[in-house]
Structures are given as structure tokens and as C-alpha cells.
Amino acid sequence: MRLSEAARPVFARHETFHPRYGWFRKAYEATADDPAAFTRKDAPVELGVGKNMVKSIRFWGSAAKLIQDHPDSPHKRATGVAATRFGTRLFDPESGWDPFMEDPGTLWLLHWQLLAPPCLLPVWWVAFNQFHAVEFDIDELETACMAGIDSAAEWPRPHRSSVRKDVTALLRTYAPAERSARTSVDDLLDCPLRELGMIAKSAATGRYRFTMGAKPTLPPAVVAYAALDFAARTDPASKTALLSRLAGEPGSPGRAFKLTEDELADALRAATAESQGRLALASPAGAAQLAWNGDPEQLGLDLLGRYFDQCRSHDASASAGSIHLSGAAPRVPAGAGAK
């Protein structure tokens, strides 16, 4: 998958704010209550944030595919918004998978959605899919992202300052918070996606690195959904996908979650056990591949629904131990607080 196929030429639309606790839910809830929630003059009061934060919440909700511009909005300069089907499946207060963002799987799912087409964060897409440095600093990542964006020849070249803002937002979203005399508790705890541990910082060199390897809180159901989503987008007529593609091709779950082919296979193997025979791993010609029956999009949604149903059953019974499908530690709040 190429950058121009996966993303849109959108830069620094987040008003320099990274996504904060509660903002994903707030974007959906505001939209569900009022399609004009983000364009009203009293929006800052209603949402309880500053004016620039209103724009930022709308951007992050759109980037995570939770909300979208309303297709029937009569005002092109003040476009209304509508919840997406994905947003409703995830956050609907009555039937949503995880209305209060209590499950770590929700954060991984949002991470995938931020990178999935149509990606509104092309700088992030380049960073996760085309940048291979073991360790790096902000300047090196910025230079690499500029080069990656230049590969999309049909796009207008963005200002370097805009790319810098997106790189900064990426690091503030995923990397450990910088500690200083001026650092507040809010600064240290204000981003839910830091819990994923996708970017670490070397104590010895002070340089960043993407965290490779298995992720303890990453549910196999989310990995399977991402694999099926990627396969459906890149080869919609196929009923199989090579694990090497799912692990290593730009735009793949292996790149997004920083998993090796073996780690991806382990996660998918766990997911097949819960698929009622609709998903399988096989090596018919010596090359490992994922195979499925039926519509891959619907199968992925069914696996997610089953995972979240089991999470709710686990909580209701208050039993000890891990959830069978997730293979993860017992659930902990993941962004339950709201600002």
C-alpha cells in the first residue's frame, strides 16, 4: 500500500493538541447529541474546553473514524458531523462494545483506526510504515517523514513546520511524557494511547525507539480485525492473505502494532480458536497464510463483538484470570476519565 492510497494530504489539523483522556468519547457523544455540536458559538462551553480544543476534538474524532462530516449538511463552511457506524458500535451507551473506554483493547482498536485508510495523519502513517531506524530523535523522524511525503508526487508539499507539529503530536501521543520542573500531573497522564507503550525512550541515550515485539495487552481479536480489514482493502476478492504481507507490508497490522511474523501468527492463531471455523491459519504451499470464509469485514466485526461480549461477561462474573480470547491481563481502566 502506498502513502497516497492510504492517507489524505492533511497536516497539523489537531491545533497542536494530542488526543487526551475522554476526547474520543467526547467527540462521539457530542455528535450523537447534536450534529452541529462543533460549529455552535457555545461549543467551548458545552464541551468544557477552549476554542482550539473544540477543533482538535473534532479532528481526533474524525481521524479515529468515530465521526464524519455530515453528508447532508447544508452549510459547507460550517459542516455538521455525524457518528460513523464504527463509532456507534464502539461507544453507543446502550449497545456499544465499550462505552466508557474501560478495556485496553479499545485503545489498540483506536490506534489501528488512526492509521487505517483514509488516514488523516500521513506523517504518522509514514512513521509507522516506512521509518526503520532503531533509535531516533525528533529531527531525524521529521526528515524521514518529509522524505516519505515527497514520495506522494501528486500531493502538494506541506510546510516543514506542519510536519514538525505532526511529529511532535505523535511523540506526545505515544512516547513517555517528558518530566521537568514545570511538568504537571495532567501532562504525565493526559494521553490514553501512551498506555500502549508503542514508543520508548532510551535512558542511556535519550533517543526514541519504536517498541518491537509482542504486546501483552493487545487482544488477538483486534489483530485479527486489523488483518481482515487490511486484506479487504488491499485485495478485496481474495479469501486468503500471506502472513508475510500481513506482517511486513506498509499499512499492515504487523507494521501498525510492531509485530514480527511469528508474533502475528501467535495472535491470529488465538483468534482462530474463537472464530467458529470461519478463520484459519494454513501453509498449503509452504508459505503461512490466513484464510477466511465469508465477508472479511463482517467477520472482523463479529470477532470484535465476541471479544467485548466476553469482556463484559468476565466483569459481570468478577472471576479471576485472563480473558480467553484476549490472552491479556485482567482489564484495567483505559481512559475512563474525561476532560
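Presented here is an overview of the structure given in this document. If you're wondering where the values come from, they're calculated on a predicted model, not measured in any experiment. Residue numbers run consecutively from 1 along every chain, following the written order of its sequence. Local features are withheld for residues below a pLDDT of 70 in this predicted model, meaning they are given only at 70 or higher, and side-chain atom pairs are given and counted only at 80 or more; totals for whole chains, interfaces and linings count all residues. Water and hydrogen atoms play no part in the side-chain values, which are based on all heavy atoms of the structure.

Between the rings of Phe, Tyr and Trp (Trp by its six-membered ring), a pair exists once the centres lie within 6.5 Å; its type follows the angle of the planes, with under 30 degrees stacked, over 60 edge-to-face, and the other angles tilted. Applying the stated criterion across every chain yields a total of 15 aromatic pairs. Between F11 and W155, the ring centres sit 6.4 Å apart and the planes meet at 80 degrees, which makes this aromatic pair edge-to-face. In this pair, F11 sits in the loop between α1 (3-6) and α2 (23-33) while W155 sits in the loop between α8 (138-150) and α9 (160-174), placing the two residues 144 residues apart along the sequence. In this structure F11 comes out as buried when scored by relative accessible area, which is 13%. Through pairs of rings, three or more aromatic residues link up here, namely F59, W60, W124, F128, F131, F136, Y174, Y208 and F210. A ring is scored as having a charge over it whenever the NZ atom of a lysine or the CZ atom of an arginine sits within 6 Å of its centre and within 35 degrees of its normal. A cation over an aromatic ring shows up here: K258 above the ring of F210, its NZ or CZ 4.6 Å from the ring centre. By the criteria applied, helices consist of DSSP H or I runs no shorter than four residues and strands consist of E runs no shorter than two, each listed in order from the N terminus. The cut-offs for exposure are 20% and 50% of the maximum accessible area for each residue type, with area from a 1.4 Å probe on protein chains only; residues under the lower value are buried, those over the upper are exposed, and the others partly exposed.

Glancing now at the nonpolar core. Ranked by internal contacts, the top residues of the largest apolar core, which has 104 residues, are W124 and Y174. Here this core takes 10 residues from helix α11 (residues 220-234), the largest share from any one element. The contact definition used throughout considers only heavy atoms, calling two residues in contact when any of these lie within 4.5 Å. The residues touching W124, leaving out its near neighbours within four places in the chain, are W60, L114, L115, D166, A169, L170, T173 and Y174. Nonpolar cores are built from buried Ala, Val, Leu, Ile, Met, Phe, Trp, Tyr and Cys residues. Side-chain atoms within 4.5 Å join them into one set.

Let's shift gears to the pairing of strand β7 (residues 289-292). Of the pairings in the sheet, the one linking strand β5 (residues 240-242) to β7 comprises three bridges and is antiparallel in character. Paired with A241 across the strands is L290, a residue of β7. Pairing between two strands is assigned when DSSP locates at least 2 bridges connecting them. Sheet topology places strand β6 (residues 279-282) next to β7; four bridges connect them, and they run antiparallel. In the strand pairing of β7, L279 is matched with W292. Between β6 and β7, which pair antiparallel and follow one another directly, the connecting turn spans six residues, one of which, G286, has a positive phi of 90 degrees.

Here we take up the side chain of D190. Its place among the elements puts D190 in the loop between α10 (185-189) and β3 (199-201). Among the polar contacts made by the side chain of D190, one reaches the side chain of H18 at a distance of 3.2 Å. What qualifies as a polar contact is a pair of N or O atoms within 3.5 Å, subject to a donor-acceptor requirement within protein and to the restriction that residues adjacent in sequence count only when both atoms come from side chains.

Functional significance is not addressed by these values, which are geometric in nature.
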